[in-house]
Amino acid sequence: MSKKRILTGDRPTGPLHIGHYVGSLKNRVNMQDDYEQFILIADQQALTDNFDNPEKIKKNVLEVAMDYLAAGIDPEKTTICIQSQIPEIAELTMYYMNLVTVARLKRNPTVKSEIEQNGFGNNLPVGFFSYPVSQAADITAFKAEVVPVGEDQKPMIEQTNEVVRRFNRIYKTETLKECKAVIPKVGRLCGTDGSDKMSKSIGNVINLKDDTETVRKKIMGMYTDPNHIKVSDPGKVEGNPVFTYLDVFGKDKEKIQELKDHYKKGGLGDVKVKKYLYEVMEEVLSPIREKRKYYEENKEEVMKILEDGNKRAREVTKKTLSDVKDAMGINYFS
Ligand code: TRP
């Protein structure tokens, strides 16, 4: 039986952090044996709100690729590729643009809230507004059956499947395939300050590439229970990010339960718990850091992996584009 095809993607706007790791990277590492997996570094999508800073995006394409490899993505099993180097995606986007209305795009809740957050006002770029169409092209170019994404990406998958159905109906074909979103069971990891969202600009994230001293400082500075002032005070475990992280990353569930009981009763200081969390995180992060160091010292190897990945990706996307043009009857010279 042939393996099912998976496509996932990331915008290369900054280094990947432990939220990415538990939310998606770990899954990708686990799935690469059982699925035919493609990972798209969506630099064109990143440019839709960073068009004035292509240098930043370019730099982060390499950073993100190194994060993947360091976290255990095996380029023999998973194809890593770069969106801007796959022109078929842009071409498909052109045809799909006709199948999506402005009204429909305005209703996409994720785009809607991003537009508000970005404060585009009257200067909303068409490219940003229409990126769900380009994302439909990403997904269909690979004829992906399964698309693991965060909750916020569900509207993109719905829009993709609408494009698929419209295309197939209008051009009387079965060329395009609908895909299924797979949403990870683990919820979004909170920031080190306890806020819901991890964000570079707030500085509440632990990056995969952080050195051990940075990780230690970030953990020692973590938000805990603000009412746990004296060591002897009873503390709260729920909503306390130090315990949230322990639950997510810690293996010794018994020890964690003991710490929780002790903390709730009083007599256990934050520093002690944080020191233990630091040990737990280092167990996860130090092998990743080590591997990353290798790739940082061998960047040409990373570039070669990306180049090979792109070649493999285009074998798939070229075929899809040709099928699409066939269905539309616009393959003039073949
Ligand atoms: N929009 C996704 C995000 O912001 C990134 C992305 C681009 C993507 N193309 C994709 C995800 C294709 C899945 C499939 O996280």
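Everything that follows concerns the structure shown earlier in this document.
Residue numbers run consecutively from 1 along every chain, following the written order of its sequence. Side-chain atom pairs in this predicted model are given and counted only at pLDDT of 80 or more, local residue features only at pLDDT of at least 70, and totals for whole chains, interfaces and linings cover all residues. Excluded from the side-chain calculations are hydrogens and water; all other atoms, namely the structure's heavy atoms, are used.

Student: Is there a simple way to explain the overall build of the protein in this structure?
Tutor: Runs of E in the DSSP output that reach at least two residues are strands. Runs of H or I that reach at least four are helices, and both are numbered from the N terminus. Helix and strand counts for the protein stand at 14 helices and five strands. For the protein, the spread of C-alpha atoms along the three principal axes comes to 80 × 45 × 40 Å. Each residue gets one of three labels from its accessible area relative to the maximum for its type: buried under 20%, exposed over 50%, partly exposed in between, using a 1.4 Å probe on protein chains only. The burial tally for the protein puts 51% of its 334 residues in the buried class. Partitioning the contacts of the protein with sequence separation of at least 6, the portion at a separation of at least 24 is 77%. Values of accessible area rely on a 1.4 Å probe in the Shrake-Rupley scheme; residue burial ignores everything except the protein chains shown. When the accessible area of the protein is evaluated, it comes to approximately 17200 Å², of which 51% is carbon and sulfur surface. Distance from the positive charge centre (53 side chains) to the negative charge centre (51 side chains) of the protein: 3 Å. Note on contacts: a residue pair qualifies if any of its non-hydrogen atoms lie within 4.5 Å across the two residues. Asp and Glu count as negative and Lys and Arg as positive, but His and the ends of the chain are not part of the count. Throughout, a charge is located at the NZ atom of Lys, the CZ atom of Arg, the CG atom of Asp or the CD atom of Glu.

Student: What is the right way to read the packing of helix H11 (residues 241-249) against helix H13 (residues 270-297) from this model?
Tutor: For any two helices packed against each other, the geometry comes down to the angle between their axes and how far apart the axes lie. Remark: H11 packs on H13, axes separated minimally by 10 Å, with the N-to-C direction vectors making an angle of 35°. Between H11 and H13 the crossing geometry is left-handed. Along the contact surface, H11 presents Val 242, Phe 243, Tyr 245, Leu 246 and Phe 249, while H13 presents Val 273, Lys 274, Tyr 276, Leu 277, Val 280, Met 281 and Val 284. Three categories are distinguished: nonpolar for Ala, Val, Leu, Ile, Met, Phe, Trp, Tyr, Cys and Pro, charged for Asp, Glu, Lys and Arg, and polar for the others, with Gly belonging to the last. Among the residues making up the contact of H11 with H13, the classes are represented as eleven nonpolar, no polar and one charged. Throughout, an axis means a line fitted to C-alpha atoms (over the contacting stretch in the case of helices), and angles, computed between N-to-C directions, take values from 0 to 180 degrees. We call a crossing left-handed when the near helix sits turned anticlockwise from the far one by less than a right angle, and right-handed when that turn is clockwise.

Student: Would you mind showing me how to read the pattern of salt bridges here?
Tutor: Any two side chains of opposite charge can pair if their charged atoms end up close together. Salt bridge criterion: a side-chain nitrogen from Lys or Arg within 4 Å of a carboxyl oxygen from Asp or Glu. Inspection of the entire model under this criterion finds 22 salt bridges. Linking Asp 323 and Lys 143 is a salt bridge whose minimum nitrogen-to-oxygen distance equals 2.8 Å. You can see Asp 323 sitting in helix H14 (residues 299-328) and its partner Lys 143 sitting in the loop between helix H8 (131-141) and strand S4 (146-148), a full 180 residues away along the chain. Classification of Asp 323 by relative accessible area gives buried; the value is 17%. Since its relative accessible area comes to 23%, Lys 143 is described here as partly exposed. Look at the salt bridges and you will find they share partners, linking Glu 63, Asp 67, Lys 209, Arg 292 and Glu 296 into a network.

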